[in-house]
Amino acid sequence: MERCPSPKKETWLTDLQACALTSILPTPSDRPTTYSAIIAHARLASIGNNIYSNVISAPKENILDLKISRSLDHRLKAWRFSLPVYFSAQDVPDWFRGPRAVVGWKEQNLRMMLWWGSQRLCSILSDVEEARNMCHYVAIETIQDITTFCLDYRDNIHVGLSWYATYFLFQATIVLSIHYLRPPQPLDMGPDSANQELWALSISRARDCLAQLGQNNEAATRCLAVLERIRDQSERSQQSSLTPSATRPNASVHADHTLLHPAPEIEDTIPTTFAIDPALQILFQDTAWNNDIFEGLQGFPITDEAEAFDYMPPDA
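The rules behind each value
- Residues numbered from 1 in each chain as written.
- Predicted model: local features only at pLDDT ≥ 70, side-chain atom pairs only at ≥ 80, totals over all residues.
- Heavy atoms only, no water.
- pLDDT = per-residue confidence, 0-100.
- Contact = heavy atoms within 4.5 Å.
- Phe/Tyr/Trp six-rings, centres within 6.5 Å; stacked < 30°, edge-to-face > 60°.
- Helix = DSSP H or I, 4+ residues; strand = E, 2+ residues; numbered from the N terminus.
- Buried < 20%, exposed > 50% of the residue type's maximum accessible area, 1.4 Å probe, protein only.
- Expected span 1.5 Å × (residues − 1).
- Axes fitted to C-alpha atoms, helices over the stretch in contact; angles between N-to-C directions.
- Parallel < 35°, antiparallel > 145°, perpendicular 65-115°, else oblique.
- Left-handed = near helix turned anticlockwise from the far one by under 90°.
- Nonpolar A, V, L, I, M, F, W, Y, C, P; charged D, E, K, R; others polar.
- Polar contact = N/O pair within 3.5 Å; in protein donor to acceptor, adjacent residues only side chain to side chain.
- Salt bridge = Lys/Arg side-chain N within 4 Å of Asp/Glu carboxyl O.
- Disulfide = S-S within 2.5 Å.
- Core = buried A, V, L, I, M, F, W, Y, C linked by side-chain atoms within 4.5 Å.

**Topic: the confidence of the model for the protein chain**
Averaged over every residue, the pLDDT of the protein chain is 76; the share at 70 or more is 62%. Note that pLDDT drops below 50 for residues 245–275; the model gives that stretch 42 contacts with residues more than four away or on any other chain. Contacts of residues 302–306 to residues separated by more than four positions or lying in other chains number four contacts, the stretch itself having pLDDT below 50.

**Topic: the packing of aromatic side chains**
Throughout the structure, instances matching the rule amount to nine aromatic pairs. Taking 5.5 Å as the distance between ring centres and 5° as the angle between the ring planes, the aromatic pair formed by Trp163 and Tyr167 counts as stacked. On the criterion of helical spacing, the pair formed by Trp163 and Tyr167 is a turn pair, its members being four residues apart in helix 6 (residues 159–177). Classification of Trp163 by relative accessible area gives buried; the value is 14%. Assessed through its relative accessible area of 9%, Tyr167 is described here as buried.

**Examining helix 4 (residues 97–121)**
Taking 1.5 Å of rise per residue, 25 residues should cover 36 Å, and helix 4 covers 36 Å from first to last C-alpha, within 8% of that figure. When you tally the buried positions in helix 4, you get 24 out of 25 residues, the bulk of the element.

**Describing the packing of helix 4 against helix 5 (residues 125–152)**
Between helix 4 and helix 5, the shortest axis-to-axis distance is 8 Å and the interhelical angle comes to 160°. One element, helix 4, and the other, helix 5, form an angle in the roughly antiparallel class. In this structure, the crossing between helix 4 and helix 5 has a hand that is left-handed. Only Val128, Ala131, Arg132, Met134, Cys135, Val138, Ala139, Glu141, Thr142, Asp145, Ile146 and Phe149 of helix 5 make contact with helix 4, whose side of the interface consists of Arg97, Gly98, Ala101, Trp105, Gln108, Arg111, Met112, Trp115, Trp116, Ser118 and Gln119. For the contact of helix 4 with helix 5, the per-class residue count stands at 13 nonpolar, five polar and five charged.

**With respect to the environment of Thr147**
Relative to the assigned elements, Thr147 resides in helix 5. Between the C-alpha atom of Thr147 and that of Ser202, which follows or precedes it by 55 residues, the distance is 9.4 Å. Beyond its immediate chain neighbours, meaning those up to four positions away, Thr147 contacts Leu169, Arg205, Ala206 and Cys209. Within the structure, Thr147 has its side chain in polar contact with the backbone oxygen of Ile143 (distance 2.6 Å). Within the local environment of Thr147, its side chain forms a polar contact with the backbone oxygen of Gln144, the two atoms lying 3.2 Å apart.

**Brief notes about the pattern of salt bridges**
As enumerated under the stated definition, the model contains nine salt bridges in all. Between Glu107 and Arg80 there is a salt bridge, and its shortest N-O distance comes to 2.6 Å. In this pair, Glu107 is assigned in helix 4 and Arg80 in helix 3 (residues 66–81), connecting sequence segments 27 residues apart. The exposure class of Arg80 is partly exposed, given its relative accessible area of 36%.

**Here's the deal with the state of the cysteines**
This model, assessed by the stated rule, comprises zero disulfides. A disulfide-free cysteine, Cys209 has its sulfur positioned 3.7 Å from the sulfur of Cys150, the nearest such atom. On the basis of relative accessible area, Cys209 is assigned to the buried category, the value being 8%.

**Remarks on the environment of Ile63**
For Ile63, the location among the structural elements is in the loop between helix 2 (36–56) and helix 3. In this structure Ile63 comes out as exposed when scored by relative accessible area, which is 61%. Along the primary structure Ile63 and Arg120 are separated by 57 residues, whereas in three dimensions their C-alpha atoms are 9.3 Å apart. For Ile63, the residues in contact, after removing those within four places along its chain, are Leu121 and Ser123.

**Details of the nonpolar core**
Ile51, Trp105 and Met112 are the most contacted members of the largest nonpolar core, which has 65 residues in total. Secondary structure elements with two or more residues in this core: helix 2, helix 3, helix 4, helix 5, helix 6, helix 7 (193–213) and helix 8 (218–241). When residues in this core are grouped by element, the largest group, 12 residues, is from helix 6. Apart from residues no more than four positions distant in its own chain, Met112 is found in contact with Cys135, Val138, Ala139, Gln171, Ala172 and Val175.

Structure (structure tokens):
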């Protein structure tokens, strides 16, 4: 005698049939759902994989054609323009503001790292300057967006959202802060007075925001301490560069569209044992950073902090 399938098995078979490759997808919702940010992030991740494999993690010996970076930047813009209208609308459910913000911060972070990776792989001076300026611009944009969100929606910032805000804000602030930790480059005029004022304002906003987040987030407090060390180190670097005994690394640059020839790198005989995110550590390549900068960071976050990293509050 044939047994009738159990209700659980029938449900499983029904779900399996509904998920067949030939099935018709349901009509997209005209309002945000709990899957909206996940879908957007999944599409963004495919672009991010290309950015990391082709630019960020590419060997420094590779010569990058800036057309590749511009093409990837265009894909990020196309992704943003393709998002449903509720990703930019003001009238959205309160619970959706956090997930929407995190996806936007992730896109900005990818774009910033795209141009950071590009400037280290370019061989033409004008391309290096373009990539560096784009990287700094996105860093300022990121700081502006995150600090504004944290001011406007303080009641929405739960533990998980605070972690994302801290991480992306910290990384963007590092990108601006480490400019003065780099050895002086030929024809490197540095930021003009207008940019210096904008940078100082952006870094100040980031520090104030991290101090606010640090009231309930130990990682934000540690990040703020690291920024203090970077500031102190950069001030010492600037002072030493003004002394007559200061020397600059050898390089050969003649004019625009001329290949850069950096000085040979000195192998570091002291192994680094920082338990930090590699995405943070690589930002300090080719700078005058030292071990003390990361003292006390102990990872992001440290392993003995039990926190729930989620897009939305538990009661959403």
